[in-house]
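# Structural characterization, general
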Amino acid sequence: MAIDYEKEIGSAQVEQKFLYESGNEMAAYAAHQINYHVMGYFPISPSTEVAQFLDTMKANGQHDIMLIPSDGEHSSAGICYGAATAGGRVFNATSAQGYMFMLEQLPVQAGTRMPMVMNLICRSISGPLNIHGDHSDLYFALNTGWPILMCRDPQSVYDMNLMALKLAEHAKVRLPVMVASDGYFTSHQKRRVQAFAHRADVHKFVGEQPPAGFTDTLDRNNPVTVGPYMNEPDYINNRYQQSVAMYNAGEVFEEIAAEFAQLTGRHYPTLEQYRMEDADVAVFLMNSASEIIKDVVDQLRLQGVKAGALSPNMIRPFPQKQIAEALKNVKAITVGDRADSVGGHGGNMVNEIKAALFTYGNTTTKVISRIYGLGGKDFYAEDGHAFFQLAMDAVVADKVEVPFDYYGHNPGVPAEAPKRLLKPMDFDSLKTGLITVNRNEETGKLSVKVPPVRSLMKKPRRLSPGHGACPGCGIFSGLELFFRGIEGDIVALYHTGCAMVTTTGYPYSAHKSTFIHNLFQNGAATLSGVVEMFWERKRRGELDGLGLKEDFTFVMVTGDGGMDIGMGPAIGAALRGHKMIIVEYDNEGYMNTGAQQSYSTPLGHRTSTSSIGKAQQGKVTQHKDTAQIMAAANVPYVFTGCEAYPQDLLKKAAKAQWYAQNEGLVYGKILIACPLNWMTEDKDGTELVSKAVESCFFPLYEVEQGITTITYDPEAKDKRIDASEWLKGMGKTRHLLKPENEEALTNFKNEVQRRWTRLKAKHEHPDL
Amino acid sequence: MQDLSLHGRLNQSTIVEKVKRIVILLDTKKGVMSVVQLPKVNALGFFEIRLESIGGLGANLAGKMLAEAGVVGAGLNGVSFSSYGSEKKGSPVKAHIRFCDMNTHIRDTSPVERPHVVGVFHEALAKTVNVTSGINEESTVLVNSAKTPEELKELLKLKAGTLAVIDATSIALKEKNRVNMAMLGALFRLCPFLDTETMKGVIEKSLGKKYPQAVQSAITTFERGYNEVKFMHFELPAGESMPEYVRSDVSPLGYETQPMGGSIINPGSTFLKNLSISRSGMIPAYEQESCINCAQCDTVCPDQCFVWEERLDRKGRSQMFLLGIDYQYCKGCLKCVGACPTSALSSMREKEGYADAHTVRHTFDLVDLVAQS
């Protein structure tokens, strides 16, 4: 809502203060004032900042929310659900694919009636991957059974977050509530915002503690069974209860909004109407665009057009009656849906509005449906004028010429249609013959010969130059070195991550050979499918006409984040033994979304969700040992490597290819530098990964047919350095060298030593 | 977070600043118009600024500081945001700021398309981005450059308007601080309604705790930006008009020409891109005489800048030889300089024209486009 400062400050009963903040900051600000018990989260743009801001505030001792970095949104929803059953207050924030990944959990939580508050920072749904704002994720929320509050600006993000909790916990509701705001348009735009000046006033409004008397899985004296097996005829009654609760939420929201208006002077009617009193034509839009349209209404009113605008502050329950009432005398309305319900002859909102009109006997108002603003395409005032023009045209023509269409799409210029530019890579130059792998039939061991790196400079790169990674990014030096050790053709699948987004920014692609992207919980499964289709079509003789000279080598590329959220499918693929390589570039964090901690982030390292402050000094848990986890799946070959030891990595690549073509799945981890988020100079990457090896934090080794071999032993070469020598070179770790962090540093060093000692034992004993 | 509560903690700002804020807040409470006057506004009441930069130069931060100086420091109302994507450091980015008086409704979330002020953080951006899009003859375009306003007018193909020039890169290198501080200083000069003393307080506050040694150099860089910016106005020649504003959100590829499903059917096409704008002043220089062709540079290069050739060595064996660097793709990370075991690669301050004169182009195995069509 637009703020009339004079009126509002004057009428607030509870002292307010001004902030200049974005939507995400205000969601976090409200959460920290409420002081929720638990937030289980997983980073995804554009919602990630909410957890980041809360982490920063926590590091500074401003709240006690238990922030749990989960291994994926499905888990984050699980954590939140479990926490909600356990009686405390629960908070989350997510977007788009993250929301889709947790979708299964959401009706569970609504159906078993466990309140919590989740912010959906709306963003378009893949694929192709798009990180910008529309309502396609929101429309999936319509059927989850969660009441949905809508936010048009950072002010309403704050206000709705306070009201949402009260609504969720209300005895007549008892449902998890969603607070939806527009990704980037609202989440990242800073505005002047008012907030409660005192936390005590917030608590007075939402209640000091959650109301007692409801299911609490920690109440020893009242054991309860949550989530039973319930078939017909009982299930329909459970759902009826839920339906009643949802409609109750509409009424309860009005009560809460009235109370809130008394306290703050900021009132949120269920349906916001702008100059609708005598409107002939109207436009319906939601969230950020519904503010822009008000300027258009003002301009049209000056021209004598009786224009008005409608937008809901709540869409579940849908304000059917209020909309029908508001449109009673309107001649035509254009409804803009910022997401399509593909095949439904309109987005979800237009069809619900039509149902509202029909239900209340209005058969005269003309309704024009347009899908607009998809994938973050901006909505300008001129677009608003176009929407009104459609409505005015319908009034004049007394009919709607085109009831449903897209708005803002364009046919394109035929001359600029894409054409293939590069020839497919020459097979013979990819198959140099410079690298040989032979198996000794007696010992079963592989003998590998690789030439000096210089000779391999004649081998074409798998990527074109021109990708958009940061200066000094270690991903592509690491990956290309690995690929130099692979002979012949590859098919690559990259998980979502820096390597993917920087090489495939539409309409460009840096990949010269075939490349597939899939979302980063599911790459291993997806490539499994490609591999098995290859073998099946080959068996049927269907590949003969496709120019194949030798079998492809199938390579999946993932970051360390993809090996967190995608760990399950990776282990599944490993256990199934598909002939493919999983190569992980590990830069110790979720760098693509802004440097959040991953499970591979080492203890004490600073990320945007393991901040440094008086109450916290970086990450609180030790780094994940992914190579050992994959080795425990008993795949034929596991390795580690880095660009500082090129011959070592080339040999491992050659072995990886042999095993992936002859035996089964290979996993390899390449440590790579991220100068931006390690807070170093761009030029320092090679030296830093080298020091990680020399400090034995990142030992170079392989596990071949179950036998561990350390391929470079810094101790034997008399090159071992203290971990501090490595840590002092990075901005993200320098704090660990301060005296007050001695304990964390010692813990980290002990863990490094423990893993190194165990690795040496494995190296020495083939049975381990 | 900026806490403006009268009752909240007023942080470590100076006494003067405290007093100022209180005055502003009291005014706000009374609903009085803002204490400063905007020099000009558009039909909706906004003074609009657009910053054009590349990720890593700090334009986002500069935009935030500028906006806060207006909203928090000068008692204006405003909105600020950046263009967000998965663009990495070194890619073009924009920041948008709108200022208005306290009683103007802020509803527009769309990007600033018709700016009063444009701040260009890197002159080379003009090669790939229409940085002056939407300006009129009364707009001011601030450019980080060592060139003269006349040269820049040519480079930007500016028809009319005021050019403001500041050599922010040189100042930043000299003062061992960041380009954005010098640009911020110059931007303050273009926004006379902002108070430089407040800004210095903000710099002190934000850096003082963690990097006290950086405070003075940041303030000096800011002040030099403010003092050293040069202006020149160019009148619109009679009978000519400013270029029409072109909406930035229309793609040449459309639903009739986009291959189905979003697939890219011309893979490898990133070689068409020019990444030289990602460089922030430094560049590797290659001297063939001392090169031993060990390929250490190529091994660590993230951007495939090294160009090789196969030929016979002195013993008559076929070998790979390094020819040089394709600077079109070099982002200036200088990893190669560290990897080089000889003196063949060294780092240098990039001079105008050096890269073009010394680049060795990659060759690409192109499809015959005529035959294809």
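Residues numbered from 1 in each chain as written. Chains lettered and ligands numbered in written order. Predicted model: local features only at pLDDT ≥ 70, side-chain atom pairs only at ≥ 80, totals over all residues. Heavy atoms only, no water.

## Some words on the packing of aromatic side chains
Let me state the cut-off plainly: Only rings of Phe, Tyr and Trp enter the pairing, Trp through its six-membered ring, and a pair is recorded when the two centres are within 6.5 Å. The plane angle decides the type: under 30 degrees is stacked, over 60 is edge-to-face, the rest tilted. Think of it in three bands: residues with accessible area under 20% of the maximum for their type are buried, residues over 50% are exposed, and the middle band is partly exposed, with areas taken using a 1.4 Å probe on protein chains only. Counting from the N terminus, the helices are the DSSP runs of H or I reaching at least four residues and the strands are the DSSP runs of E reaching at least two.
With the rule as written, the count across this model stands at 31 aromatic pairs over all chains. Ring centres 5.7 Å apart and planes at 55 degrees place the aromatic pair Phe379 of chain A and Phe387 of chain A in the tilted group. For the pair shown, Phe379 of chain A and Phe387 of chain A are each scored as buried. Aromatic side chains Tyr327 of chain B and Tyr354 of chain B sit 6.1 Å apart centroid to centroid with 70 degrees between the ring planes, which places their arrangement in the edge-to-face category. Within this pair, whereas Tyr327 of chain B is found in the loop between β10 (318-325) and α9 (335-339), its partner Tyr354 of chain B is found in helix α10 (residues 354-358), the two being separated by 27 residues in sequence.

## Quick word on the interface of chain A and chain B
To keep things clear, this is the line we draw: Whether two residues are in contact is decided by their heavy atoms, any of which lying within 4.5 Å being enough. Two parts lose some accessible area (1.4 Å probe) when they are put together, and adding that loss for both gives the buried area. Here, a salt bridge means any Lys or Arg side-chain nitrogen found within 4 Å of an Asp or Glu carboxyl oxygen. Residue type decides the class: Asp, Glu, Lys and Arg count as charged, Ala, Val, Leu, Ile, Met, Phe, Trp, Tyr, Cys and Pro as nonpolar, and the leftover types, Gly among them, as polar.
At the interface, 95 residues of chain A touch 96 residues of chain B. Note on chain A versus chain B: buried area summed over both sides is about 8,900 Å², and carbon and sulfur give 57% of it. Of all residues in chain A, Tyr20, Leu421 and Arg454 of chain A give up the largest surface area on contact with chain B, accounting jointly for 9% of the area buried on that side. For the pair chain A and chain B, the interface holds 11 salt bridges. Mapped by element, the contributors of at least two residues to the side of chain A that touches chain B are α1 (5-11), β1 (16-21), α2 (23-34), β8 (191-196), α11 (288-302), α14 (381-397), α16 (474-484) and α17 (498-503) of chain A. Tallied by class, residues from the side of chain A that touches chain B come to 42 nonpolar, 23 polar and 30 charged.

## Comments concerning the sheet that holds strand β14 (residues 366-371) of chain A
All names here are of chain A. Spelled out, the test is: Two strands qualify as a pair provided that DSSP identifies no fewer than 2 bridges between them. A fitted line through C-alpha atoms serves as each axis, taken over the contacting stretch for helices, and the angle formed by two N-to-C directions is quoted from 0 to 180°.
Strand order in the open sheet formed by 6 strands is β9-β11-β10-β13-β14-β15, with mixed pairing between adjacent strands. With one partner strand each, in any of the chains shown, β9 (271-274) and β15 (404-406) form the two edges of the open sheet. Neighbouring strand axes in the sheet, compared pairwise and without regard to direction, differ in orientation by 20 degrees on average. Pairing between strand β10 (residues 281-284) and strand β11 (residues 307-312): 4 bridges, direction parallel. What sits directly across from Ala282, in β11, is Gly308. Contacting β9, β10 and β11, α11 crosses the sheet at an angle of about 165 degrees to β11.

## Considerations on the pairing of strand β8 (residues 282-286) of chain B
Residues and elements named next belong to chain B. Burial analysis of β8 places 4 of its 5 residues in the buried class, the great majority of the element. Two elements, β8 and strand β11 (residues 345-349), share 5 bridges in a ladder whose sense is antiparallel. Bridge pairing in β11 places Ile283 opposite Met348.

## With respect to the pattern of salt bridges
For the coordinates displayed, the defined rule picks out 65 salt bridges over all chains. The partner of Arg107 of chain B in a salt bridge is Asp298 of chain A, and the shortest N-O contact between them spans 3.0 Å. One end of the pair, Arg107 of chain B, is in the loop between β3 (92-100) and β4 (117-120); the other, Asp298 of chain A, is in helix α11, on a second chain. Overall, Asp298 of chain A belongs to the partly exposed group, its relative accessible area being 22%. Close ionic contact of Lys200 of chain B with Glu223 of chain B constitutes a salt bridge, the shortest N to O distance being 2.7 Å. In this pair, Lys200 of chain B sits in helix α6 (residues 196-208) while Glu223 of chain B sits in helix α7 (residues 212-228), placing the two residues 23 residues apart along the sequence. A relative accessible area of 31% places Glu223 of chain B in the partly exposed class. Taken together, the shared-partner salt bridges connect Lys377, Glu382 and Asp383 of chain A together with Arg247 and Asp249 of chain B into one network.

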